[in-house]
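Next come the chains, spelled out residue by residue.
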Amino acid sequence: MQSNTTNEWPSFSFINQTVLKEIQADFLESWHALHRQAQQGALGPVPHRRFKHQAWQENQTALINAHLWHLYTETLNRMVHAFDLHPQAQERLAFALMQWAEAINPANYLFSNPEALNEAVQTQGQSLLQGAQHFLRDLQKGRMLQTDETKFALGENIAVTPGAVIYENELLQLIQYTPQTENVYSTPLFIVPPNINKYYILDLQPENSFVRYALQQGMQVFLISWRNPLQNDTDGILDASWGDYLQHGILTALQVAQQVSNQKQLNTLGFCVGGTMLASALSLAQAKGEAPAASLTLLTAMLDFHDVGVLSVFVDETLALLREYQLAATRLMLGSDLATTFSFLRPSELVWNYVASNYLQGKTPPPFDILFWNADSTNLPGPFFTWYFRNTYLENNLRLHGKVQVDGYPIDLSRLDVPVYIFASEDDHIVPWRTAYASTQLLPSVERFVLGASGHIAGVINPPAQNRRYYWAYTPDTPTVFPGLANRWQENAKQHTGSWWPDWIQWLSTKAGEKMAAPKQLGHAAYPEIEPAPGRYVKVKAVP
């Protein structure tokens, strides 16, 4: 992505007056039509998820308010796209107006929300008292609860796949999991999760654990658990750079896994930012004359940052300089800042929905393991974050052959010659699927691209037993067909019902070597067991 700074902000000189008059006329016509329907008692439901409850249909005042809000929001959106602005300015204006529109949604306020009013009457005010208690609780925590966090505990009912930590340094712990089949493939799977979140998104509960599934298919699994740095850490982690995470993080852990498994090459997998880091680390290893990977799997990961979707509203030189100035002093990018940013990418679902439910109606959110994980934020070292933001989101340097260097070695992804499997999610707002698809043009040996339904997390965590959703892929006998454009790929791909996990396992098993007896013990003489999984690092909270 290029740095696009612009001073073009809206004024009437930037809008086509004919289009403006058309928008105004349509608004007035729709406004009058709504009032006529209201007078006749003929208002239908509002096409928005937050007005689906029957209470809205039964309360005519609330219903017309909801309709007027919906009309107002649609009109704002039309006006934004009628302005003749620089694309980045238009995106930021649309984002700001979306935040404003969601904030004034009548569902967010007690006296305009019939669901909340009905709840207060039915409970004789107890729902309002409970909502006030929830608000004070969240105020003390410094964040809004999106799930009942009391229902989950690491190592007890979440992140419970058996294994052990066999290596640790200032950046990570390396977990080796206990095999779950009598015989295993000789080439292990080495997983790199994102360091902006905790690893156990890949090992939630037994029924939806990606790690457990891989083990049950006969894979040996090693996985990195990144350390959560804190402001009072004094061992140097706050100064850790991008290069440190590649060299002393991923490649060091990979070397340990090689020694423990007695294998020269491992199948590797990176999720989200972990995929960006893993591909970079393997390129660094290749530049040093090493070849530790038998294959590479990328899950919802970006290597070419030419289009980062809605996140582009946060990307320009000014914001990069501001973060660099701030983090030079604090040296710590707070996980709470990142969590807030991601929540406001989808404010209706991840912010205001809970305002209404938790506070106005006094409800305790139901337990949901993914939202428990989502709230367990992680901090990042300032040098790592500022380098990553500038060189990926702002300047898109990883796609340039050798532009990025680590310890004098060039990172050239176009020369990373290992078999690659890429998965993207259709509705991903963090990693747009067409941007993930761009990796097929950057990496020389992509063998398979698969597009799954749903979003950044739900698209990935889709166990086969549930038989949910679907995915698009070419048939296995034509895995290397990439017709150039992402849309053309989608037009020719076949839709399959259910999880993409079996498709991936089928591909991975061809890279995993022969079957052998499963190891009887974890670790190695040089790397004995340190503690049982999930380990200490994952239990460290961003705010102790």
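Residues numbered from 1 in each chain as written. Predicted model: local features only at pLDDT ≥ 70, side-chain atom pairs only at ≥ 80, totals over all residues. Heavy atoms only, no water.

Before going further, it helps to examine the packing of aromatic side chains. Counted according to the given criterion, the structure contains 34 aromatic pairs. Taken together, a centroid distance of 4.3 Å and an interplanar angle of 20° make the contact between Phe-423 and Trp-500 stacked. One end of the pair, Phe-423, is in strand E12 (residues 420-425); the other, Trp-500, is in the loop between strand E15 (494-497) and helix H18 (501-509), with 77 residues separating them in the sequence. Taking the relative accessible area as the measure of exposure, Phe-423 reaches 0% and is therefore buried. Seen from their ring centres, Tyr-437 and Trp-489 are 6.4 Å apart, and the 55° between their planes marks the pair as tilted. Placement of Tyr-437 in helix H15 (residues 433-437) and of Trp-489 in helix H17 (residues 486-492) is noted, with a sequence separation of 52 residues between them. Assigned by exposure class, Tyr-437 and Trp-489 land together as buried. Feature note: the residues Trp-226, Trp-242, Tyr-245, Phe-305, Phe-384, Phe-385, Trp-387, Tyr-388, Phe-389 and Tyr-393 constitute an aromatic cluster, connected by ring pairs. (Phe/Tyr/Trp six-rings, centres within 6.5 Å; stacked < 30°, edge-to-face > 60°. Helix = DSSP H or I, 4+ residues; strand = E, 2+ residues; numbered from the N terminus. Buried < 20%, exposed > 50% of the residue type's maximum accessible area, 1.4 Å probe, protein only.)

Taking burial as the measure, the 7 residues of strand E7 (residues 293-299) include 7 buried ones, the bulk of the element. Relative to E7, strand E6 (residues 266-271) is paired through 6 bridges, and the arrangement is parallel. Of the residues in E7, the one forming a bridge with Leu-266 is Ala-293. One crossover worth recording links E6 to the parallel E7 by way of helix H9 (residues 273-287), and it is right-handed. Here E7 pairs with E12 via 4 bridges, running parallel. For Leu-298, the partnering residue across the bridge sits in E12 and is Ile-422. (Pairing = 2+ DSSP bridges. Right-handed = clockwise from strand over helix to strand, strands pointing away.)

The subject of this paragraph is H9. Between its terminal C-alpha atoms H9 stretches 21 Å, which fits the 21 Å expected from 15 residues at 1.5 Å a residue. Note on H9: the residue one or two positions beyond its end, Gly-289, has a positive phi of about 85°. (Expected span 1.5 Å × (residues − 1).)

This part covers the packing of helix H1 (residues 17-39) against helix H3 (residues 60-82). Two packed helices can be described by the angle between their axes and the distance between those axes. Close contact between H1 and H3 brings their axes to 11 Å; oriented N to C, the two are set at 170°. Considered as vectors, H1 and H3 are oriented roughly antiparallel to each other. Across the interface between the two elements, Val-19, Leu-20, Glu-22, Ile-23, Asp-26, Phe-27, Ser-30, Trp-31, Leu-34, His-35 and Ala-38 of H1 pack against Gln-60, Ile-64, His-67, Leu-68, Leu-71, Tyr-72, Thr-75, Arg-78, Met-79 and Ala-82 of H3. Taken together, the residues of the contact of H1 with H3 sort by class into 13 nonpolar, 5 polar and 3 charged. (Axes fitted to C-alpha atoms, helices over the stretch in contact; angles between N-to-C directions. Parallel < 35°, antiparallel > 145°, perpendicular 65-115°, else oblique. Contact = heavy atoms within 4.5 Å. Nonpolar A, V, L, I, M, F, W, Y, C, P; charged D, E, K, R; others polar.)

Here we come to unusual backbone geometry. Cis rather than trans, the peptide bond between Ala-533 and Pro-534 has omega equal to 10°. A positive phi angle is found at Arg-331, which is not glycine, with a value near 65°. One can find Arg-331 in the loop between helix H10 (317-330) and strand E8 (332-333). Even without glycine at this site, Asn-396 takes up a positive phi of about 55°. On the secondary structure map, Asn-396 appears in the loop between helix H14 (382-394) and strand E10 (404-406).

Turning next to the sheet that holds strand E13 (residues 446-452). Strands sit in the order E15-E14-E13-E12-E7-E6-E4-E5-E2-E1-E17 across an open sheet of 11 strands; the sheet is mixed. Each edge of the open sheet carries a strand with a single partner, namely E15 and strand E17 (531-532). Where helix H8 (residues 242-261) meets the sheet, its contacts fall on strand E1 (163-168), strand E2 (172-177), strand E4 (189-192), strand E5 (221-226) and E6, and the angle it forms with E5 comes to roughly 150°. The sheet strands contacting H9 are E4, E5, E6 and E7, and the helix crosses E6 at an angle near 140°.

Before going further, it helps to spend a moment on the pattern of salt bridges. Taken as a whole and assessed by the stated rule, the structure comprises 19 salt bridges. Between Arg-78 and Glu-22 there is a salt bridge, with the nearest N and O atoms lying 3.8 Å from each other. With Arg-78 in helix H3 and Glu-22 in helix H1, the pair connects residues that are 56 residues apart, well separated along the chain. With its nearest N and O atoms 3.0 Å apart, the salt bridge here joins Arg-536 to Glu-168. (Salt bridge = Lys/Arg side-chain N within 4 Å of Asp/Glu carboxyl O.)

Moving on: a nonpolar patch on the surface. A contiguous nonpolar surface patch, about 320 Å² in accessible area, is contributed by Phe-135, Leu-136 and Leu-139. You can see Leu-136 is positioned in helix H6 (residues 126-141). (Patch = residues over 30% accessible without salt bridge, like charges linked within 9 Å, V, L, I, M, F, W, Y side chains within 5 Å. Areas by Shrake-Rupley, 256 points an atom, 1.4 Å probe, with all protein chains shown as cover.)

Relative to each other, H6 and helix H12 (residues 347-360) sit at 120°, their axes nearing to 7 Å. It follows that H6 is oblique to H12 by the angle criterion. Contacts between H6 and H12 involve Ser-127, Leu-128, Gly-131, His-134, Phe-135, Arg-137 and Asp-138 on the former and, on the latter, Asn-358, Tyr-359 and Leu-360. Residues of the contact of H6 with H12, tallied by class, amount to 4 nonpolar, 4 polar and 2 charged.

Moving on, we come to the environment of Pro-381. Here Pro-381 shows up in strand E9 (residues 380-381). When the C-alpha positions of Pro-381 and Leu-327 are compared, they lie 8.6 Å apart, and in sequence the two are 54 residues distant. Non-local contacts of Pro-381, meaning those with residues more than four positions away in its chain, are made with Pro-229, Ile-237, Leu-238, Ala-240, Tyr-245 and Arg-331.

Note that E13 and strand E14 (residues 470-473) share 2 bridges and pair antiparallel. Counted as the bridge partner of Leu-451 is Trp-472 from E14. Direction of pairing for E14 relative to E15: antiparallel, over a ladder of 4 bridges. Each residue of the ladder has a partner; that of Tyr-470, found in E15, is Thr-497.

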